[in-house]
Amino acid sequence: QVHLVESGGGLVQAGGSLRLSCAASGSIFSINNMGWYRQAPGKQRDLVAIIRSDNSTNYADSVKGRFTISRDNAKNTVYLQMNSLNVDDPAVYYCKGFLRTTRLDFERVYWGQGTQVTVSS
C-alpha cells in the first residue's frame with residue numbers, strides 16, 4: 001500500500017514563504033511525475049506545479065516566479081517552495097504522484113490528504 005503525506009502548511013502573512021513537503025511511503029518500485037494541486041473553497045482543484053522524472057517542470061501562470069517544485073528521489077519526496085504568498089494563494093494543497101508498486105505493475109495515481117495554506121493580509 002502506498003501513502004502520500006503532505007506537511008508544511010500553515011498560516012503566513014502576505015509576502016511570506018512556506019515550504020510544503022510530500023513524502024511517498026509504502027511499497028514503491030518507481031515514481032514518475034509528481035505534482036502539487038490546490039483547491040480553494042467552492043472552486044475546482046487546479047494544477048500548481050508538476051515535476052517529471054527527468055526533473056523538467058511546469059507551473060501554473062499564477063505561481064510562476066514565486067513557487068519552485070523540486071524532488072528528492074532518494075527520499076521519495078517532492079517539495080513546493082512558495083515565496084511571495086498573496087491572498088490568492090490560500091487553499092488546501094494536495095500532492096499527486098504517478099507510481100508503480102512493482103516492476104510489473106501499471107502506473108497508478110495516488111493523492112495525499114492535503115495540507116491547508118492560509119495567508120493573512
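Reading the values: rules and limits
Residue numbering note: each chain is counted from 1, following its sequence as written. Only residues with pLDDT of 70 or above have their local features reported here, since the model is predicted, and side-chain atom pairs are shown and tallied only from 80 upward, although totals for entire chains, interfaces and linings are computed over all residues. Note that the side-chain values use all heavy atoms of the structure and ignore hydrogens as well as water. Cysteine sulfur atoms that pair up within 2.5 Å are treated as a disulfide. For the purposes of this entry, the term helix denotes a DSSP run of H or I that reaches at least four residues, the term strand denotes a run of E that reaches at least two, and both are numbered from the N terminus. Using protein atoms alone on a 1 Å grid, points that fit a 1.4 Å probe yet trap it form a cavity, whereas open point sets bounded by protein on both sides within 12 Å along at least five of seven lines form a pocket; residues with an atom within 4 Å of a point count as lining. Grid points are joined across faces, edges and corners, and a volume is the space filled by probe spheres set on the points. In this count, Pro and Cys sit with the nonpolar residues alongside Ala, Val, Leu, Ile, Met, Phe, Trp and Tyr, while Asp, Glu, Lys and Arg are called charged and the others, Gly among them, polar. Aromatic pairing here means that ring centres of Phe, Tyr or Trp (its six-membered ring) are within 6.5 Å. Orientation follows from the plane angle: under 30 degrees is stacked, over 60 is edge-to-face, and everything else is tilted. Exposure classes here rest on a 1.4 Å probe applied to the protein chains alone. A residue is buried below 20% of its type maximum, exposed above 50%, and partly exposed in between.

Draft legend 1. Representation of the state of the cysteines in the model. Applying the stated rule across the entire model yields 1 disulfide. Between the sulfur atoms of C22 and its disulfide mate C95 the distance is 2.1 Å. The S-S bond linking C22 to C95 shows a torsion near -80 degrees; that makes this disulfide left-handed. Placement of the pair is C22 in strand 3 (residues 18–26) and C95 in strand 9 (residues 91–100), with a sequence separation of 73 residues.

Draft legend 2. Structural view of the layout of surface pockets. Roughly 250 Å³ of internal volume is contained in the largest pocket. Around the largest pocket, the lining comprises 16 residues; the ones closest to its centre are R38, A40, K43, D46 and D88. Those elements that provide at least two residues to the lining of the largest pocket are strand 4 (30–39) and strand 5 (46–51). Ranked by residue count, the leading element in the lining of the largest pocket is strand 5, at 3 residues. Looking at side-chain class alone, the lining of the largest pocket contains 6 nonpolar, 4 polar and 6 charged residues.

Draft legend 3. Structural view of the packing of aromatic side chains. According to the stated counting rule, one finds 2 aromatic pairs in the structure shown. A ring pair is formed by Y37 and W111, whose centres lie 5.1 Å apart and whose planes are at 65 degrees; its orientation type is edge-to-face. Of this pair, Y37 sits in strand 4 while W111 is found in strand 10 (residues 108–111), placing the two residues 74 residues apart along the sequence. The class of Y37 is buried, set by a relative accessible area of 15%.

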